[in-house]
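Now for the letters of each chain:
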Amino acid sequence: MSMIWNNFKEVLTSLAQGFGMAWWVEVHTQTPKCTYYFGPFLDAVEAKAAMKGYVEDLEAEGAMGIYVNVKRCKPSALTVADDLGEWIDRKVKPVFSGQL
């Protein structure tokens, strides 16, 4: 039953993302001066539950001045290097396998 639910959830999340209604974890760091997007998620509760792990990973990489926001959006890139004015498409494994 959980496999059916997971597949259904992936389809719903994909649809929400297509309409710009999916939830994302937006993380701003002062050092390096970047904005990161993690997601998509079907709801804000799921995004908030995942955000602690993203912050811990960035802290382990030496990021400082971390500010986190959970919001509905449709980011055009997953990483924006603000201090360089660049959009970086980092290679990450998507949250859902249907996004490969």
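Residues numbered from 1 in each chain as written. Predicted model: local features only at pLDDT ≥ 70, side-chain atom pairs only at ≥ 80, totals over all residues. Heavy atoms only, no water.

### Here we look at the overall build of the protein
Inference 1: In terms of regular secondary structure, the protein is built from two helices and five strands.
Inference 2: If you list the helices and strands of the protein from N to C, you get α-β-β-α-β-β-β.
Inference 3: By the burial criterion, 37% of the 100 residues in the protein qualify as buried.
Inference 4: Long-range contacts, defined here as pairs at least 24 residues apart, represent 59% of the contacts in the protein between residues at least 6 apart.
Inference 5: Just so you have it, the protein exposes about 6500 Å², and 60% of that area is on carbon and sulfur atoms. (Helix = DSSP H or I, 4+ residues; strand = E, 2+ residues; numbered from the N terminus. Buried < 20%, exposed > 50% of the residue type's maximum accessible area, 1.4 Å probe, protein only. Contact = heavy atoms within 4.5 Å. Areas by Shrake-Rupley, 256 points an atom, 1.4 Å probe, with all protein chains shown as cover.)

### Description of the packing of aromatic side chains
Inference 1: The final tally for this structure, using the stated rule, is two aromatic pairs.
Inference 2: Judged by centre distance (6.4 Å) and plane angle (25°), the ring pair of Y36 and F38 falls under stacked. Here Y36 and F38 have matching classes, each one buried.
Inference 3: Their ring planes at 10° and their centres at 4.1 Å tell us that F38 and Y54 sit as a pair that is stacked. With a gap of 16 residues between them, F38 in strand β2 (residues 34-41) and Y54 in helix α2 (residues 44-60) connect regions that are remote in the sequence.
Inference 4: Residue F38 is classed as buried on the basis of its relative accessible area, which comes to 13%.
Inference 5: Among the aromatic residues, those joined into a cluster by ring pairs are Y36, F38 and Y54. (Phe/Tyr/Trp six-rings, centres within 6.5 Å; stacked < 30°, edge-to-face > 60°.)

### Re the environment of V68
Inference 1: Following the sequence through the fold, V68 ends up in strand β3 (residues 67-72).
Inference 2: Residues V68 and V55, 13 residues apart in the sequence, show an inter-C-alpha distance of 8.2 Å.

### Notes on α2
Inference 1: Given a rise of 1.5 Å per residue, 17 residues ought to cover 24 Å, and the 25 Å separating the end C-alpha atoms of α2 matches this to within 8%.
Inference 2: In the structure, α2 departs most strongly from a straight axis at A50, where the bend amounts to approximately 30°.
Inference 3: All of the buried residues in α2 are A44, E46, A47, Y54, V55 and L58.
Inference 4: Buried-residue contacts for α2 involve α1 (2-18), β1 (23-29), β2 and β3.
Inference 5: N-capping of α2 is provided by D43, with a side-chain oxygen placed 3.2 Å from the backbone N of V45.
Inference 6: Positive backbone phi, at 95°, marks G62, one or two positions downstream of α2. (Expected span 1.5 Å × (residues − 1). Bend = angle between axes of the 7 residues up to and from the residue. Polar contact = N/O pair within 3.5 Å; in protein donor to acceptor, adjacent residues only side chain to side chain.)

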